[in-house]
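The primary structure of each chain is shown beneath.
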Amino acid sequence: MDVLHNALQQRLKNFNIDIKTLSPDVVRLLHAISDTFVDFEKDHKEARDTLEARVIGRTKELEDAKATLVGVLEDLNIEKKRVQLEKAKDDAILASIGDGVLVFDPGAKAMFINLAAKKMLGVTDVDIIDKLATTLKMENSKGKYLTLEERPSMIAMSTGKP
């Protein structure tokens, strides 16, 4: 290479060194160093360009993933509102039934009691909700306490029939 790398030329100038006054071996050495600078800059530029391309690609992937997640979140919010509306309808229907309704989960915990059942049993939500069916005292129309096996709720849970 006939021209030295700019950084090398600047350093020689800073030290007041004229290349024409140097021996041919030193000039060849400086040219080799200059070539090394050029190779390094080329490699550095290629590495930087590759890294920038990868960052741009990954950023695009992340933006796409974010857009997908935003869409999923919007869908979930729509579904949540739909389920809340359905639950409100179901609650309103169950609450307005004139017969007493007491609902248990599969683990026999009370999940819901409507107003008619509360009045019949003389209880509140606090007395019933989250309580096991086995802990609730029940009696028949003659005032006799029912055993677990005699209770309609336990019969329904064991047979799967209302």
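In what follows, the accompanying structure is described. (Residues numbered from 1 in each chain as written. Predicted model: local features only at pLDDT ≥ 70, side-chain atom pairs only at ≥ 80, totals over all residues. Heavy atoms only, no water.)

Glancing now at the overall build of the protein. A count of helices and strands for the protein gives five helices and two strands. When the helices and strands of the protein are read in sequence order from the N terminus, they spell out α-α-β-β-α-α-α. Its C-alpha radius of gyration of 42 Å places the protein more than 25% over the 15 Å reference for a compact globule of 162 residues. When burial is assessed residue by residue, the protein has 15% of its 162 residues classed as buried. (Helix = DSSP H or I, 4+ residues; strand = E, 2+ residues; numbered from the N terminus. Rg over C-alpha atoms; globule rule 2.2 N^0.38 Å. Buried < 20%, exposed > 50% of the residue type's maximum accessible area, 1.4 Å probe, protein only.)

Bringing a nonpolar patch on the surface into the picture now. On the surface, a nonpolar cluster with roughly 250 Å² of combined accessible area is contributed by L29, I33 and F37. Within the secondary structure layout, I33 lies in helix α2 (residues 24–96). (Patch = residues over 30% accessible without salt bridge, like charges linked within 9 Å, V, L, I, M, F, W, Y side chains within 5 Å. Areas by Shrake-Rupley, 256 points an atom, 1.4 Å probe, with all protein chains shown as cover. Salt bridge = Lys/Arg side-chain N within 4 Å of Asp/Glu carboxyl O.)

The phi torsion at A108 lies on the positive side, around 70°, for a residue other than glycine. Among the structural elements, A108 can be located in the loop between β1 (102–104) and β2 (110–113). Judged by its relative accessible area of 13%, A108 is buried. Positioned with a positive phi, D130 is a non-glycine residue whose angle comes to about 70°. In this structure, D130 sits in the loop between α4 (125–128) and α5 (152–159).

This part is about the side chain of N114. Tracing the backbone through its elements, the reader meets N114 in the loop between β2 and α3 (115–121). Side-chain polar atoms of N114 contact the backbone nitrogen of A117, separated by 2.9 Å. Residues contacting N114, with those up to four places away along its chain left out, are L94, A95, I97, D99, G100 and V101. (Polar contact = N/O pair within 3.5 Å; in protein donor to acceptor, adjacent residues only side chain to side chain. Contact = heavy atoms within 4.5 Å.)

So, about the environment of Q84. The topology assignment puts Q84 in helix α2. For the pair Q84 and E149, spaced 65 residues apart in the sequence, the C-alpha separation amounts to 36 Å.

On to the pairing of β2, then. Summarising the sheet, β1 and β2 pair through three bridges and their orientation is antiparallel. Looking across to β2, one finds that F104 is bridged to A110. Linking two consecutive strands that pair antiparallel, namely β1 and β2, is a turn of five residues; a positive phi of about 70° is found at A108 within it. (Pairing = 2+ DSSP bridges.)

With that out of the way, let us pick up the side chain of R151. You can see R151 is positioned in the loop between α4 and α5. It is E150 that comes nearest to the buried, bridge-free R151 among opposite-charge side chains, at 7.6 Å. The residues touching R151, leaving out its near neighbours within four places in the chain, are A133, T134, L136, K137, M138 and L146. (Lys, Arg positive; Asp, Glu negative; His and termini not counted.)

Time to look at the pattern of salt bridges. A full pass over the atoms with the stated rule returns nine salt bridges. Notably, a salt bridge pairs R28 with D25, separated by 2.0 Å at the nearest N-O pair. Of this pair, R28 and D25 both sit in helix α2, three residues apart, roughly one helical turn. Of the two residues, R28 and D25, neither departs from the other in class, the shared state being exposed. Across the pair K87 and D91 runs a salt bridge whose closest N-O atoms are separated by 2.7 Å. Of this pair, K87 and D91 both sit in helix α2, four residues apart, roughly one helical turn. Judged by its relative accessible area of 28%, D91 is partly exposed.

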